[in-house]
Amino acid sequence: MRSISAAAKTKLRTKKGIEPITVIEVDWAPNHTLSYADRDLTSIPGRIIEVGAIDNVVTVSNSSSSQQLAVTIDDTDGIIKALFDTNDVHKRNARVYQYFQGLDLADKFLLFAGKVSSPITWNERDRTVKFTIISQLEDREVGFSAEEGQFPYLPADLVGKPWPSIFGVVQDCPALQVNHAVQGTTLTGVGVVAGQAYYAGFPLYNTGSNQDSNLGAGLANISAQINVLFCAEACANFADDGAKAQQYLDQINQLEAQRTEMVAQAASKQACAQWQRAQQLADANSKGAGANPIQVLGGEDFPQNTPLTIDINGAEFTGYFNGQNFYVSGRYCQSIADQAAQANSEQTSSCPYEHRSGGGNNEYDYKIDVSCDCMWADFDTCWCRQHGFIISTSNDSANTKSDNPILQQFWADAGATVKIKSDEPITYIVSIVPGSVLAVKAYKQFTGERRLVLVPNNLYTVRSHNYGAVTAVELVFAKPLSSYTDQGWSDDVYVTFQSSVGPDTINVLKYLITNYTGLTWDNASFNNVQSKLAPFPVNFPLLDRKNTLQLLQEIAFQSRCALWLSNGVFYIQYLPEEPTPDPTDGTITVSDLDADAGVEVELTPTEDLVTKMTVKWRVSWAPGATDRDKDKSEKTMILRHNVTRYGTQEQEYDWYIYNQPDIIYKAATFWLIRKSSTWKKIKFKTFLHKLGLETFDAVNLNFAGGYVANGAVKAIVEQANYDSSDNTVEVQCIVPVRSGEMSKYVYYWPAALPASVTWPPADDVAKNDAGGGGIGMNATGNLPVGDTSAIDAGGIVWVGGPNVVFHARSDWGDRHPTDIGFSAQRVVNPSFYAELNPTSKPYLNLRTFTVAPMQPYIPQQMGNQITLDIARTKVVDSNARDGRTARLNSLIARIDEDNNLVIKGDARIGDSSGTQCGQLDDVIFVSSTGIACLREDVSVASEAHDTSEAWLSDALVVSDETGCLSLDASVYIANGDGEESQFDFKYDADGGVYGAGTAFLQD
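Here the structure is a predicted model, which means the values were calculated and not measured.

Thresholds applied
Residues numbered from 1 in each chain as written. Predicted model: local features only at pLDDT ≥ 70, side-chain atom pairs only at ≥ 80, totals over all residues. Heavy atoms only, no water. Helix = DSSP H or I, 4+ residues; strand = E, 2+ residues; numbered from the N terminus. Buried < 20%, exposed > 50% of the residue type's maximum accessible area, 1.4 Å probe, protein only. Areas by Shrake-Rupley, 256 points an atom, 1.4 Å probe, with all protein chains shown as cover. Pairing = 2+ DSSP bridges. Contact = heavy atoms within 4.5 Å. Axes fitted to C-alpha atoms, helices over the stretch in contact; angles between N-to-C directions. Salt bridge = Lys/Arg side-chain N within 4 Å of Asp/Glu carboxyl O. Disulfide = S-S within 2.5 Å. Patch = residues over 30% accessible without salt bridge, like charges linked within 9 Å, V, L, I, M, F, W, Y side chains within 5 Å. Parallel < 35°, antiparallel > 145°, perpendicular 65-115°, else oblique. Polar contact = N/O pair within 3.5 Å; in protein donor to acceptor, adjacent residues only side chain to side chain. Expected span 1.5 Å × (residues − 1). Phe/Tyr/Trp six-rings, centres within 6.5 Å; stacked < 30°, edge-to-face > 60°. Core = buried A, V, L, I, M, F, W, Y, C linked by side-chain atoms within 4.5 Å. Lys, Arg positive; Asp, Glu negative; His and termini not counted.

When helices and strands are counted, the protein chain shows 12 helices and 58 strands. In the protein chain, buried positions account for 42% of the 1003 residues. Carbon and sulfur atoms form 49% of the exposed surface of the protein chain, whose accessible area is close to 52,100 Å².

A few words now on the sheet that holds strand E31 (residues 569-574). Within the open sheet, the 3 strands sit side by side as E28-E31-E30. Their pairing is mixed. Of all the strands in the sheet, the pair left with one neighbour each is strand E28 (520-521) and strand E30 (561-566). In the sheet, E30 pairs with E31 via 6 bridges, with the strands oriented antiparallel. Following the sheet pairing, Trp564 is matched in E31 by Tyr571. Seen against the sheet, helix H8 (residues 523-532) touches E28, E30 and E31 and runs at an angle of roughly 35° to E31.

Right, let's get into the pattern of salt bridges. All chains considered together, the criterion is met by 29 salt bridges. Residue Lys744 is joined to Glu578 by a salt bridge in which the shortest nitrogen-to-oxygen separation is 3.3 Å. With a gap of 166 residues between them, Lys744 in the loop between strand E40 (728-738) and helix H12 (762-766) and Glu578 in the loop between E31 and strand E32 (587-589) connect regions that are remote in the sequence. One salt bridge in this structure joins Lys612 and Glu650, with 3.8 Å as the shortest N-O distance.

Bringing the state of the cysteines into the picture now. One way to say it: the disulfide is the covalent bond shared by the sulfur atoms of two cysteines. One pass over the full model with this rule turns up 3 disulfides. With its sulfur 1.9 Å from that of its partner, Cys235 forms a disulfide with Cys374. In this structure the cystine formed by Cys235 and Cys374 twists about its S-S bond by roughly -85°; its chirality is therefore left-handed. Here Cys235, found in helix H4 (residues 211-238), pairs with Cys374, found in the loop between strand E18 (363-369) and strand E19 (383-389); they are 139 residues apart in sequence, far enough to count as distant. For Cys374, a relative accessible area of 5% puts it in the buried group. With a sulfur-sulfur separation of 1.8 Å, Cys372 is cross-linked through a disulfide to Cys382.

Let us look at the sheet that holds strand E12 (residues 183-186). Taken in spatial order, the 6 strands line up as E12-E14-E17-E16-E15-E21 and close into a barrel, and their pairing is antiparallel. Ignoring strand direction, the axes of neighbouring strands in this sheet form an average angle of 45°. Note that E12 and strand E21 (residues 417-420) share 3 bridges and pair antiparallel. When the bridges of E21 are listed, Gly184 appears paired with Val418.

With that out of the way, let us pick up a nonpolar patch on the surface. A surface patch of nonpolar side chains, about 360 Å² in accessible area, is lined by Phe238, Met375 and Trp376. Structurally, the position occupied by Trp376 is in the loop between E18 and E19.

Close contact between helix H7 (residues 505-516) and helix H9 (residues 548-558) brings their axes to 11 Å; oriented N to C, the two are set at 175°. The pairing of H7 with H9 is recorded here as roughly antiparallel in orientation. From H7, Thr505, Val508, Leu509, Leu512, Ile513 and Tyr516 reach across to H9, where they touch Thr548, Leu551, Leu552 and Ile555.

This part takes up the side chain of Thr614. Within the element layout of this structure, Thr614 appears in strand E34 (residues 612-618). Judged by its relative accessible area of 6%, Thr614 is buried. Reaching out from Thr614, the side chain makes a polar contact with the side chain of Glu650 at a distance of 2.8 Å.

For helix H6 (residues 334-348), spanning 15 residues, the distance from its first C-alpha to its last is 21 Å, which sits close to the expected 21 Å at 1.5 Å a residue. The set of residues buried in H6 consists of Ile336, Ala337, Ala340, Ala343, Asn344, Glu346 and Gln347. Those residues of H6 hidden inside the fold are in contact with strand E13 (190-194), helix H3 (196-200), strand E17 (325-332) and strand E20 (408-412).

So, on to the environment of Ile663. If you trace the backbone, Ile663 turns up in helix H11 (residues 661-675). We classify Ile663 as buried; its relative accessible area is 1%. Between the alpha carbons of Ile663 and Pro535 there is a distance of 8.8 Å; along the sequence they are 128 residues apart. Dropping the residues within four chain positions of it, Ile663 is found in contact with Pro535, Phe536, Pro537, Tyr658, Phe822 and Ala824.

Our next topic: the packing of aromatic side chains. In the structure shown here, the tally under the stated rule is 32 aromatic pairs. Centre to centre, the rings of Phe302 and Phe321 are 4.7 Å apart; their planes meet at 20°, and the pair counts as stacked. Remark: Phe321 occurs in strand E16 (residues 315-322) and Phe302 occurs in the loop between strand E14 (294-297) and strand E15 (308-312); sequence separation between them is 19 residues. The class of Phe302 is buried, set by a relative accessible area of 2%.

Our next topic: the packing of H7 against H8. In the contact formed by H7 and H8, the axes pass within 9 Å of each other and the chain directions differ by 140°. Here Ile506, Asn507, Leu509, Lys510 and Ile513 of H7 come into contact with H8, specifically with Phe526, Asn527, Val529 and Gln530.

Moving on to unusual backbone geometry. The peptide bond linking Gly502 to Pro503 adopts the cis configuration, its omega dihedral lying at 10°. Mapped onto the elements, Pro503 comes out in the loop between strand E27 (489-499) and H7. Phi is positive for Asn305, close to 50°, though the residue is something other than glycine. On the secondary structure map, Asn305 appears in the loop between E14 and E15. Judged by relative accessible area, Asn305 falls into the exposed class, the value being 52%. We note that Asn642 has phi near 60°; this positive angle belongs to a residue other than glycine. Among the residues examined, Asn642 registers a relative accessible area of 0% and is labelled buried.

This part is about the nonpolar core. In this structure, Phe477, Leu512, Met613 and Trp655 are the most contacted members of the largest nonpolar core, which totals 105 residues. At 9 residues, H11 tops the list of elements feeding residues into this core. When sequence neighbours within four positions are dropped, the list of residues in contact with Trp655 reads Phe557, Gln558, Met613, Val615, Lys616, Trp617, Ile664, Ala667, Ala668 and Trp671. Core analysis: the next-biggest nonpolar cluster, separate from the first, contains 52 residues, Ile44, Val96, Val116 and Phe684 among them.

Let us now look at H11. Spanning 15 residues, H11 covers 20 Å between terminal C-alpha atoms, matching the ideal 21 Å at 1.5 Å per step. Burial within H11 is extensive, with 15 of its 15 residues counted as buried.

We now examine the side chain of Lys616. Relative to the helices and strands, Lys616 is located in strand E34. Of the side chains bearing the opposite charge, Glu634 lies closest to the buried Lys616, which forms no salt bridge; the N-O distance is 4.5 Å. Residue contacts for Lys616: discarding those within four places in its chain leaves Glu634, Lys635, Thr636, Glu652, Tyr653, Asp654 and Trp655.

Here is the key point about a regular strand: its side chains alternate between the two faces of the sheet. Counting buried residues in E13 gives 5 out of 5 residues, a clear majority hidden from the surface. Both faces of E13 are covered, namely the face carrying Val190, Val192 and Ala194 and the face carrying Gly191 and Val193. Of the pairings in the sheet, the one linking E13 to E20 comprises 5 bridges and is antiparallel in character. Counted as the bridge partner of Val192 is Phe410 from E20.

Listed below in structure tokens is the structure:
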């Protein structure tokens, strides 16, 4: 309602015999305000020639209102024309008042305030000025972009780029990159070779042993043999055996020649290998490096003639720019350096368990029998001998040769990107509304796809930077994220931010009005709505620049509010709540109506119907967690109602102020109720006593005639147009009664409905007006969505962090449109974020290790000694006509630690006839003490003609101490004549053993 003084209200209640006076004030220029009236007053000239009807219109569905008034003023004194000549009068403030004769001038009341607007016309003949006063402002844009500022240098790609403004808690808001790294493009191929030092120092032979040490061991072996032969030769000459001395000398000469050949061959191989390596390294360093200088397109944009390190596809080149040429003084590539080091480690690593020296494998013992009288023979022996160990690096470890070459090459063809490698700070604007950075993310390339993951906080700093009238929260990176070439980052940065403004909707509106308009707000209405919007927090960024009034109206619409400007003051109303009319002027009866004008009832136009609402919404403002379509941040809700009645009339909405889908679902359902039905409107004329009515005022229509409902019904004023020609007010109201009905629709104001009242109503369901009304309404079954056991079945929307699930028939809308008991489900928790913990793929050595079989050492035969290899020496049987052969290792198992031959237990034993064979272990076994013993169950045959046999157990027992066989005390011993006598046992106390009691057999 308009603010009208008590005296003025008394005048207005007099329907007849009053003449209101219109007073207009215009601020034609700074400090130059003129007042006009439609008749002369004491201090105000009567220069108003004509005043049109005040067109005061509200469109409730758009939550907005506008006012305008056409005015003609007498300018015979030329004052206004003079002001035209020296001032631009567009958008000057103007105020329209109503006044009544006889009242104090202070009792005039404001009809509306606005701006002088075109068309503005000065007529020379009539000496009049015509103009329009409007209340709908074409106000300033919200936000800031850099071209507005007084920056000495402005990058072209920043022009028209709005700096983000964040309200509430917003997840993954794109930050605006202010500066970009200097980049160029190579015009020539460039390369880097790594591993030269490893390769230059790598052993020439890599077969599991050090070839130089093995050569030394071989030469030492030959020298030992030569020393023994020299001794034997001397002894042969001492014994005057010239032939044998010559034989030894010939062997010495052969060994000397062999030693010389070994040294020469090793030297030749080494020299050849060293030459090949030198050539290979020279080619790698000259051809593998590519051009120097490197030609770079855009090189003049880099720092000139100063030491600089540049990055080309991950490789580092140190040098300096001179124009487009980059003169290289050093090259390095971490990835190939690591590969070279790994390959070198693989080929030079040794097994910690390898056997190197000190065992029997490296022992030698050369001996030649000579005359015992020879003075050169070993002391007190009859031989020349040399015995010892040869230390060698040969071992039994696995062959560690790798297929990975030690020399590694990096190469970038012409067209590669060139960037500065050293730190080049990169700045991002996060928000020009103050607040705190909760998390910073960027896309990172993993195998097969990109993922949005946390950026380590040691890569950036957060700061607040003042740019005069604009203060921005910024991120500063030491260098571009993409310059960490081994990590796969992109340079697009997304910030989760908690603003100091919001998530309270009213605080956000006040912030925008204060910072981007010269207007104010009505405290009473704003405070009243603030508590009602508390359960519905707003969390959104502004990433583009909108007209301030447009933005305010969008926020109001999405939050189910009406926001309008009246006389330079913003008012707000919470639309889901049933309003309370003014107790004095808020009731309209038949007596208030102008009978001559009558009453008009109409319906809202069908072209304004929306039976299908497509709602775009998002939790995160990043393009998507991954490149997969299912992870795209923008989601969709679809709501339908009355499709079968009115057909499909679709409208798309971007519900960007909320990031909690259950809030969006409830708000969209409210507008679905309002927009999917046709409503009744009533239009009538009343008198000046109702001049206090304004748009969005609630009134009680108490008509006995039943124009729109059976009985009294509340309505909302959409138009209240004052006509000064007949001093009437034309009023149009929208009534919460649907077409074809005569009672208030209970869902029109749903905020305070009981929770038991559900939407859509049963009648609409029965008429098939709920949802789309098509065959899809009867689709049933379970979709493969995973485990749904934890989902609350009581509501339609279930929010599990970033996962959102809708229950059956979600296009019907919120089943409980009331605000009572509503609590939004959280999707962004400022204190916790579940993120990937990305790690780089490790470089693994996956080749197969094999052990080459050890070659047996065969020493050269010396003198008259014969060396037999039990594994290779063949044994032949001249009596066997089939030429069969055998090897010694079929009888001899091995040489033990004491250099004794060990007979195989399973060796075959045959009689002289050769017709039968048995195994040795059938007769002998080895006791736990290592003593060979006869088995007691062995059968022994006699040479007697009767071929009698007996068992050894008849005469032998097993000793407890050794497990070996002993003679039984009761055994009988036979003499040569076959006479038997019992053996006489006596205990030897000195020796502690049993022995023979007598030296002969008893009779």
